[in-house]
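Structure assessment
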Amino acid sequence: MTKAILTFALVFGAGLAANGLYMLADPQAWYFAIPGVTTTGPFNQHFLRDIGLIFVFLGSAFALGAARCEVRTLLWGAGAVWLSGHALFHFWEVAVGICGPDALARDFPAVTTPALLAVALTVWSARHADR
């Protein structure tokens, strides 16, 4: 089971990093390719590249955590905090009327699911830190 979870964390990290690299390399293509992004405001390449860097760091944290048990919970926990904050921000936008409730369903796969996965990985790591 441990090997499967660590492999998943590595693949998860690679996906996060790949998203970030896409944002860095071609922010305009990313902006138009991801469903719902165009409804959040006008294209801003600087902002997208800033967030791209965050995703590269997040992906690196999950990949490094898969390889280094002594820092795993810290790295995965830091990633889970950011991803969860991002997901909660999307819920807040709906709660205050910035977005309609349909945004939650649209964004769930790319925003809420990564947060839930990151929290689950962090909890698993914390429970297995002594092994």
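Report follows, based on the coordinates. (Residues numbered from 1 in each chain as written. Predicted model: local features only at pLDDT ≥ 70, side-chain atom pairs only at ≥ 80, totals over all residues. Heavy atoms only, no water.)

On to the pattern of salt bridges. Between side chains of opposite charge, pairing is possible as soon as their charged atoms come close. Taken as a whole and assessed by the stated rule, the structure comprises 2 salt bridges. A salt bridge links Arg68 to Glu70, with the nearest nitrogen and oxygen atoms 2.5 Å apart. On the basis of relative accessible area, Glu70 is assigned to the exposed category, the value being 52%. Between Arg106 and Asp107 there is a salt bridge, with the nearest N and O atoms lying 2.9 Å from each other. A relative accessible area of 30% means that Arg106 is categorised as partly exposed. The class for Asp107 is buried, based on a relative accessible area of 11%. (Salt bridge = Lys/Arg side-chain N within 4 Å of Asp/Glu carboxyl O. Buried < 20%, exposed > 50% of the residue type's maximum accessible area, 1.4 Å probe, protein only.)

Another aspect to go through is the packing of aromatic side chains. The description of an aromatic ring pair uses the distance of the two centres, along with the angle that the planes make with each other. Summed over the entire model, instances satisfying the criterion amount to 8 aromatic pairs. Taken together, a centroid distance of 4.9 Å and an interplanar angle of 85 degrees make the contact between Tyr31 and Phe32 edge-to-face. A relative accessible area of 7% places Tyr31 in the buried class. Its relative accessible area of 56% is what places Phe32 among the exposed residues. Judged by centre distance (6.0 Å) and plane angle (20 degrees), the rings of Phe62 and Trp76 are stacked. Placement of the pair is Phe62 in helix α3 (residues 45-67) and Trp76 in helix α4 (residues 72-95), with a sequence separation of 14 residues. Classification of Trp76 by relative accessible area gives buried; the value is 0%. Members of the aromatic cluster, connected to one another through ring pairs, are Phe8, Phe12, Phe62, Trp76 and Trp124. Here the guanidinium or amino end of Arg72 rests over the ring plane of Trp76, the centre of that ring lying 5.6 Å away. (Phe/Tyr/Trp six-rings, centres within 6.5 Å; stacked < 30°, edge-to-face > 60°. Helix = DSSP H or I, 4+ residues; strand = E, 2+ residues; numbered from the N terminus. Lys NZ or Arg CZ within 6 Å of the ring centre and 35° of its normal.)

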